[in-house]
Amino acid sequence: MNLQQQVRRKQSRLFTIQARASAKDPISFHYPVGIDVIDGWLLMTNPLSVLPLDKILLDKMEKTGKPIVSVGYQENSITSHGGVIIDNISSAKDAVLHLIEEHGHQRIAFVGSIHEHLDMKDRFQGYLGALSQSNIAYEEALFYRSNDALKQSGYDVAQQIIAKGIDFTAIFAATDLNAMGLIEGLKEAGYRIPEDIAVVGFDDLPSSKKFDPPLSTVKQSFENLAKTSFDVLYRKMNGERISSNQTNIKTDLICRTSCGCATQEQAESKGNGQELLLGKNASLENLIKRYDNFVEKWATSAREEKFQLINMFGEKSKWGCLALWDKNDKERENVVIAQSFSDHDCQAPPIGLRVPVEQFPPIDWLPQMEKDEFVRVQSVRNERGDWGFIAIVSNVDEFVLISSADITQVSFTISASALERDELFEQTQSIAKQLEIVARSTNDGIWDWDTETNRINWNVRSKDIFTTIQHKLPVDAQSFLKLIYSADVTDVQKHIQMLKDENIPLKLEFRLHGKAGEKLWVYVTGGDAIRNDKGKAIRIIGSITNINDKKKAEEKIRHLAFHDSLTGLPNRQMARERWNLYKEEATRHNCKLGILMIDLDRFKVINDTLGHLAGGDQLLQKVAISLTQSVKEAMDTEVDQKQATIARLGGDEFIILLSNISEVEKVRRVAEQIIRNFKQSFLVQNQEVFTSTSIGISIYPDDGSDFDELSRCADMAMYKAKENGKSQMEMYNPDVDSQTTKRFLLENRMQRAIDNQEFILNYQPIVDMKTNKVTGVEALIRWQCSEEGTFTPLEFIPIAEETGLIIPIGKWVLKEACLQNKKWIDKGFKPVPISVNISPRQLEQEDFVQSVIDILEEVNLPPSYLCLEITESMAIKNVRNSINVLRELGESGVQIAIDDFGTGYSSLAMLKHLPITNIKIDKSFVSDMDGDMDNAAIIRAIVSMAKSLELTVTAEGVEEEVQKKILKEEQCTFAQGFYFSRPLVAEQMEEYMVHNSQIRKSPI
């Protein structure tokens, strides 16, 4: 009130900015409210208050350059301000010294809330200073913490003191209100003031003089504090420079009856008792009227559909506005006027006006201030939300000191709760609208079951669901249950009962049957049941959805998951599940099971020749049909046929499971029938294609007990059948297992052989038939295994091809051969090409050409001294790729030779397009040509064809003089074989070339 008087005298306007605060949960205030429209600040809070100012806000205030004055404390976080301070330490010290020195008290208690405000903390320091100066030791037991500075807290402390037991003679209370509450509590317990306990307060409130007994206190002039604070601020606002940053306000010790001093005021107090009582009664009556009015406003606000600002504040305020945060402004820099009111003499700001926080409240819309009016800005927030600000123009509430918050403050709190209610209501309405839209747009049916009347209500969408099965909407639970498949009814009833009894949500898929026997899958849900006061479910609401299409899709997915998409046969997963069923039956009936592992012979060649998508896939489809037919033909009865499963495992690999086997011969018959049927051709792309199959067989329980083990056994037997010449079947036995184990060990040792450098090269000379001179050398790999001895290429090359180890092995051979040839050239031997056999997998490598060129450059060997040999079948496997790769190599200078010529199906046209320089006749034609006129004729034809294509011819496998003679007569260009020399190691090859007069010059 004093501050408002000072403001009015200077014809200024007072703005108070407040936020709802809590001593238990202090919230720093950081919103820069009004910093653009306010000319100066009086700071009434401090770092220990329940509403400390945020450092960010203080910095923003300081940056405006406008004056700041802190009232009652010194704000240390900013520099450009002044502080108006009451010397609480000295004042409290003087009061305690008065009790000690004037009245002889030695044990003095302190009561206050030093956590709440810096003033309280300073007064406690003054109390400690007085004790120290008087050589009285401080005792923690004599310190009593109050919850706040108000009267009720003092009364509460009195109850604590009485319960604990009083062992002191005087009390210094940090505030008059604390002191008054203490005195009332002690007097109720029979203690006399000051005879038993002396009490001194602080503040000198108007009521302290008339209190019973009159309260001794420290008088701090709030009038002087307000006047001085505003005077300092006003002078700063007008540009005056004030030298001191701190202004101290003088205090006085007022001695009255409560400390033991007798004063004239005591008599006056007694004489005016009736007047005091009448004044109290009048104030109480006025207070009751104000609270009655407040309760009526609160009740009205609670009944209203939405919070109305005018109903809450319109009676006591002539102007007001509610500004909510702009929902489109995530940074909360702007508010929007949501409600406003004013009396007839002024205008209220328009609804929807967008105002920056720094310019709130909008001063252009503020009314003219009169008497004790001021602008009160309140942050509207609580623990659950922050909505914005309310600004009102009103008078100071005269009952602010009666409770912990004035009635207007409580009204702000109620407003926050009302706005929270409105926000929740809007969210609820929004959700309801969304649900309504969903209900209209979804295909789900909604049902509402009244369990007491047993009636079911359905929405419109539900009718469409039941119409699909030609039924009307069921009106009760019984009629609905009659529509459920008999196999599903029990489960549905069980889950409904669980919802009713245990409140377990209903989520269930089941089938409904139609009048014409059709089936409809539905998904039914039910949430929490609505229950009466006894907990009985009286109403359940849920949904029903037609999931027929979903079930069909699931069935399709299941079929795809368990069947091969190309052939339609079951896949490995389905075969495994069928095996588990068959095994259970075999255990019950004490019978055997059979597994046939089937692999097509030469499928890769056929697939590469005819093409993968068209030829290969068509063949696999026809093979599936043939296998199915073979099983039917081999099985005796229809029952046996149904107890067989044919599945495709992948690629050209199939498996057949036979159950209920009483004798193993039955399994053999199926395998033999398959092999017989495969002797017939398959029509693919209007061409007859012949293929055969290799079959491995294992028997349960003779060869194993689980699917994986028996599949492995059948697989090993199948590979044994392939090794035996293909188009055969092989029963599993331990010997097969040992051979497979040997193969497995060989693979592992081969991998180690690369790392351990166990591979070596032998060299066989290629001789000119006319001169008998060496015209080339073929590099031949050998494997000297440290554990098993020497392996020939026929023993390990096929496995290397299958495992892919041929790639690193082939690269090593190529580099080693080139290095050796370069060494011979450097030693002075006549340069000749060195021939290296290339595997099909090497030729398919994308970087093969570049890797050959890189090796030649690395060892510095001219490309013309390298000849790469590829087999005839390799060349025709992928003609286009072969032509491209070989052409690149030929263009680089590398020579190309066709190896094993005559064993494949190449044509003259194909040879014409391949960049080859030499044809090597397979040794199978050479070995019998002296006794087989046909072989001799073939050789003659090959030589003649090569001459016409300007190619040289090399005969392989020459072992006898007669063979050499015939080849020479047929004008074959070159020859190699044991007749000339067996494969030799490098040193032996050097000796051979020396004896063959291959030295061109002296060795280097």
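The present account deals with the structure reproduced in this document. (Residues numbered from 1 in each chain as written. Predicted model: local features only at pLDDT ≥ 70, side-chain atom pairs only at ≥ 80, totals over all residues. Heavy atoms only, no water.)

**Focus on the packing of helix α3 (residues 88–102) against helix α4 (residues 118–133)**
Look at α3 against α4: their axes get within 7 Å of each other, and the N-to-C directions meet at 40 degrees. The angle between α3 and α4 places the two elements in the oblique class. Seen along the crossing, α3 lies across α4 with a hand that is right-handed. Contact residues: Asn-88, Ile-89, Ala-92, Lys-93, Val-96, Leu-97, Ile-100 and Glu-101 in α3; Asp-119, Asp-122, Arg-123, Gln-125, Gly-126, Tyr-127, Gly-129, Ala-130, Leu-131 and Gln-133 in α4. Each residue belonging to the contact of α3 with α4 can be placed in one class, and the counts come to 8 nonpolar, 5 polar and 5 charged. (Axes fitted to C-alpha atoms, helices over the stretch in contact; angles between N-to-C directions. Helix = DSSP H or I, 4+ residues; strand = E, 2+ residues; numbered from the N terminus. Parallel < 35°, antiparallel > 145°, perpendicular 65-115°, else oblique. Left-handed = near helix turned anticlockwise from the far one by under 90°. Contact = heavy atoms within 4.5 Å. Nonpolar A, V, L, I, M, F, W, Y, C, P; charged D, E, K, R; others polar.)

**A short note on the environment of Thr-467**
Looking at the secondary structure, you find Thr-467 in helix α13 (residues 460–467). On a C-alpha basis, the gap between Thr-467 and Gly-514 in space is 9.2 Å, while along the polypeptide they are 47 residues apart.

**Notes on the packing of aromatic side chains**
The final tally for this structure, using the stated rule, is 28 aromatic pairs. With a centroid separation of 6.3 Å and an interplanar angle of 75 degrees, the aromatic rings of Phe-480 and Phe-510 are classed as edge-to-face. Residue Phe-480 is found in helix α14 (residues 477–481), and its partner Phe-510 is found in strand β19 (residues 506–513); the two are separated by 30 residues along the sequence. Under the relative-accessibility criterion, Phe-510 is labelled buried at 2%. A connected cluster of aromatic rings, assembled from ring pairs, spans Phe-110, Phe-124, Tyr-127, Tyr-138, Phe-143 and Phe-172. A cation over an aromatic ring shows up here: Lys-551 above the ring of Trp-521, its NZ or CZ 4.4 Å from the ring centre. (Phe/Tyr/Trp six-rings, centres within 6.5 Å; stacked < 30°, edge-to-face > 60°. Buried < 20%, exposed > 50% of the residue type's maximum accessible area, 1.4 Å probe, protein only. Lys NZ or Arg CZ within 6 Å of the ring centre and 35° of its normal.)

**What to know about the sheet that holds strand β3 (residues 68–71)**
Taken together, the 4 strands give an open sheet; going across it, the order is β2-β3-β4-β10, and neighbouring strands pair in parallel fashion. Only two strands of the sheet have a single partner each, and these edge strands are β2 (41–43) and β10 (246–249). Taking each pair of neighbouring strands and ignoring which way they run, the sheet shows an average axis angle of 20 degrees. Alignment of β3 against strand β4 (residues 82–86), held across 3 bridges, turns out to be parallel. Counted as the bridge partner of Val-69 is Gly-82 from β4. (Pairing = 2+ DSSP bridges.)

**Here we look at helix α16 (residues 548–562)**
Taking 1.5 Å of rise per residue, the 15 residues of α16 would be expected to cover 21 Å, and the 21 Å separating its terminal C-alpha atoms lies within 8% of that figure. All buried positions along α16 are accounted for by Asn-548, Lys-551 and Phe-562. All buried residues of α16 fall inside an arc of 60 degrees around its axis, so they share one side. Of the exposed residues in α16, those oriented more than 90 degrees away from the buried face are Asp-549, Lys-556, Ile-557 and Leu-560. Contacts made by the buried residues of α16 are with β19, β20 (519–526), β22 (537–546) and α17 (572–589). (Expected span 1.5 Å × (residues − 1). Arc of directions from axis to C-beta.)

**Remarks on a negative patch on the surface**
On the surface, Glu-846, Asp-847, Asp-854 and Glu-857 cluster together into a patch of negative charge. Topologically, Asp-854 is positioned in helix α26 (residues 848–859). The partly exposed category is assigned to Asp-854, whose relative accessible area is 36%. (Patch = residues over 30% accessible without salt bridge, like charges linked within 9 Å, V, L, I, M, F, W, Y side chains within 5 Å. Areas by Shrake-Rupley, 256 points an atom, 1.4 Å probe, with all protein chains shown as cover. Salt bridge = Lys/Arg side-chain N within 4 Å of Asp/Glu carboxyl O. Lys, Arg positive; Asp, Glu negative; His and termini not counted. Charge placed at Lys NZ, Arg CZ, Asp CG, Glu CD.)

**A word on the nonpolar core**
If you look at the biggest cluster of nonpolar residues, it comprises 78 residues, and the most contacted ones within it are Leu-866, Leu-868 and Leu-889. At 8 residues, the largest contribution of residues to this core is made by helix α24 (residues 806–826). Aside from chain neighbours lying at most four places away, what touches Leu-889 is Phe-848, Val-849, Val-852, Leu-868, Val-894 and Ile-896. Core analysis: the next-biggest nonpolar cluster, separate from the first, contains 47 residues, Ala-170, Ala-173, Met-180 and Val-218 among them. (Core = buried A, V, L, I, M, F, W, Y, C linked by side-chain atoms within 4.5 Å.)

**Re the sheet that holds strand β6 (residues 143–145)**
Picture the strands of a sheet paired through backbone hydrogen bonds; they go either parallel or antiparallel. Spatially, 4 strands are ordered β6-β5-β7-β8 in an open sheet, and the strand pairing comes out parallel. Sheet topology places β6 and β8 (198–200) at the edges, where each strand pairs with a single neighbour. Averaged over all pairs of adjacent strands, the angle between their axes in this sheet comes to 20 degrees, without regard to strand direction. By the bridge criterion, 3 bridges tie strand β5 (residues 108–112) to β6 in an arrangement that is parallel. Across the sheet, Gly-112 pairs through a bridge with Arg-145, a residue of β6. Strand contacts of α3: β5, β7 (170–173) and β8, with the helix running at about 170 degrees to β7, the strand carrying the most contacts. Taken strand by strand, α4 contacts β5, β6 and β7, and its axis lies near 175 degrees from that of β5.

**A word on the pattern of salt bridges**
Opposite charge on two side chains permits them to pair, given that their charged atoms come into close proximity. Under the defined criterion, the tally for this structure stands at 32 salt bridges. With a closest N to O distance of 3.2 Å, Glu-970 and Arg-940 form a salt bridge. Here Glu-970 is found in the loop between α32 (961–969) and β38 (974–975), whereas its partner Arg-940 is found in helix α31 (residues 933–948), with 30 residues between them in sequence. Each member of the salt-bridge network shares a partner with another, and the members are Glu-509, Lys-550, Lys-551 and Glu-554.

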